[in-house]
Structures are given as C-alpha cells and as structure tokens.
Amino acid sequence: MTTVNKNICMRLIEAQQEFPRIVQDQEAKAFGSGRGYSYANISSCLDAILPILNKHGLAVVQKTTTEEDRVGIETVLVSEEGETLSSGVFFVTTAGLQQKGVQAFGSAVTYARRYSFVSFLGLSYGEEDDDGRQASEDAYSKGKTRAPARKAAPQPKQPAPQPAQVSEDEKYFNLVEEAKRVCLDGLEAYKAFYSKLHADEKQYLVKTKIHDQLKQEAANA
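The model shown is predicted, which means the values in this text are computed figures rather than measured ones.

Rules of the game
Residues numbered from 1 in each chain as written. Predicted model: local features only at pLDDT ≥ 70, side-chain atom pairs only at ≥ 80, totals over all residues. Heavy atoms only, no water. Salt bridge = Lys/Arg side-chain N within 4 Å of Asp/Glu carboxyl O. Helix = DSSP H or I, 4+ residues; strand = E, 2+ residues; numbered from the N terminus. Buried < 20%, exposed > 50% of the residue type's maximum accessible area, 1.4 Å probe, protein only. pLDDT = per-residue confidence, 0-100. Contact = heavy atoms within 4.5 Å. Axes fitted to C-alpha atoms, helices over the stretch in contact; angles between N-to-C directions. Parallel < 35°, antiparallel > 145°, perpendicular 65-115°, else oblique. Left-handed = near helix turned anticlockwise from the far one by under 90°. Polar contact = N/O pair within 3.5 Å; in protein donor to acceptor, adjacent residues only side chain to side chain. Phe/Tyr/Trp six-rings, centres within 6.5 Å; stacked < 30°, edge-to-face > 60°.

J.: Sorry, what's going on with the pattern of salt bridges here?
T.: Opposite charge on two side chains permits them to pair, given that their charged atoms come into close proximity. All told, the structure shown has 7 salt bridges when counted by the stated rule. One salt bridge in this structure joins E18 and K55, with 3.1 Å as the shortest N-O distance. Highlighted residues: E18 in the loop between α1 (6-16) and β1 (26-29) and K55 in helix α2 (residues 42-55), separated in sequence by 37 residues. Its relative accessible area of 34% is what places E18 among the partly exposed residues. K55 sits in the exposed class, given a relative accessible area of 59%. Across the pair E67 and R70 runs a salt bridge, and its minimum N-O distance is 2.8 Å.

J.: Explanation requested: the confidence of the model for the chain in the structure shown.
T.: Predicted coordinates in areas of low pLDDT are best not read in detail. The predicted model of the chain averages 77 in pLDDT, with 71% of residues at 70 or higher. Confidence drops under a pLDDT of 50 for residues 128-147, and excluding neighbours within four residues, the segment shows 18 contacts in the predicted structure.

J.: For this particular structure, what's the right way to read the packing of α2 against helix α3 (residues 102-121)?
T.: Relative placement of two packed helices is described by the angle separating their axes and the distance separating the axes. For the pair α2 and α3, the least separation of the axes is 10 Å and the interaxial angle reads 40 degrees. The angle between α2 and α3 falls in the class oblique. At the point where α2 passes α3, the crossing takes the left-handed sense. On α3, the residues that touch I42, C45, L46, I49 and L53 of α2 are T110, R113, R114, F117, V118 and L121.

J.: It is not clear to me how the side chain of D185 should be interpreted in this structure. Could you clarify?
T.: You can see D185 is positioned in the loop between α6 (173-183) and α7 (187-195). Engagement of the side chain of D185 in a polar contact is seen with the side chain of R114, the distance being 2.9 Å. Those residues in contact with D185, other than ones at most four positions away along the chain, are Q24, Y37, Y111, R114 and Y125.

J.: Before we go on, may I ask you to explain the packing of aromatic side chains in this structure?
T.: The geometry of an aromatic ring pair is captured by the separation of the ring centres together with the interplanar angle, meaning the angle of the planes. Considering all chains together, one arrives at 4 aromatic pairs under this definition. Geometrically, the ring pair formed by F90 and Y115 is stacked, given 4.7 Å between the ring centres and 20 degrees between the ring planes. With F90 in strand β5 (residues 84-93) and Y115 in helix α3, this residue pair connects regions lying 25 residues apart in the sequence. By relative accessible area, which is 23% here, F90 ends up partly exposed. An angle of 20 degrees between the planes, with centres 6.0 Å apart, marks the rings of Y111 and Y115 as stacked. Taken together, the residues span about one helical turn, with Y111 and Y115 both in helix α3 at a distance of 4 residues. Judged by relative accessible area, which is 18%, Y111 ranks as buried.

Written out as structure tokens, the structure is:
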C-alpha cells in the first residue's frame, strides 16, 4: 500500500530541481522500416538520476508483474523514513514482437522500466547529437537506393492483370502503427522519425490530421 506524506514529497521536489535532461545517446530502427530514431536506455537514466535521488534520501524499486502476453512495471520511491510513492503498474504487451519467449519478455521489461521511470519522475530528454542524427540520415538514404527495375517483355496476347485497388488507409496502416510506437519515446523521437518520411507519407499524415494527433501523443509521453 502506498503511503504519501509531506516528507517524501518534499524530498522529491528538491531532487527534481537538480535533475538533468537525459541525453538520447542510443540509436534504434523503427519496426523493420529502416528509419532510425534516438532514445536513452534505462542505464543512462539510472546513472543520471539515482545519485541525485540518493542524495535526497530517496531510493527506487521497480517491481515486475506478468499477465498472459504482457508484462508490467511498478516504479516505487522509498524515503529514509520508510514512506513510499508508487507510479502504478505500466503494462507492455509482448504479442507481435519479433523476439519470442524469454527475449520478448526481456525486451518488454527493459522498455517498461525505462518508460515507467522517466514518466513517473517527470524527466525530460535533451537534444540528440547532431553528428549522430546526420550519420543516421545518411545511412538511411543509402539504404533506400535501389537498382532500376527491369522492364518486362511485352506480352500482347495476354492482357496485363489489373493491380488490386488499395485504399490510402490500408496503404499507410503500417506507417501509422509504426509512428504510434515511436511516439512512446517522446516528441523528439517522433520529430526525428517524421523528418525521414517520404513526401507522400508526410502528406498523408498531415492531410488526415494524424500528424497533429501523433505530435500531441508524443508530447504527453
């Protein structure tokens, strides 16, 4: 049971005044598209924040919970006086992950720990390294270069099959789902993701007002 009184709250207020902006020094590719974005891993967050919390008489405990195909993390602050303050349980699903079994569980736990820790303590991210961003964009541009397609030999006796009609929503469904996941890493991650989209992908997100919704979700992450 969570116990809250002025002692632990005052300790947290004083500690928050010393919290630095967390540097997003890690690179990741977003769900198979090849697009890169920056984030801070749980070790970077702990290294930057735990010494400050300890200085103010606070410790952090993260409890793991499992439910079918999802895992949950509860971040708990504990004061020297024995008072506690809980974040509540943040759940992450393991369904649909490329990894399976123990690997999927480990990936979900790592992500949930970081997200719970950052959001519970009100941490903010700093700007990513410009050189790292440029290198990521250059690598992505090179990866998108394709050899020209061969022209098929004409077949006048057999009419070419008509391509199946696909709606815009179906065409960009995976893009929207991918963007939603990137939003969980905050506004800067979404901005980096959006900057690397093709013109038609940006146009679809803006035209459907999904871009505005995603920016809001990322800002609140």
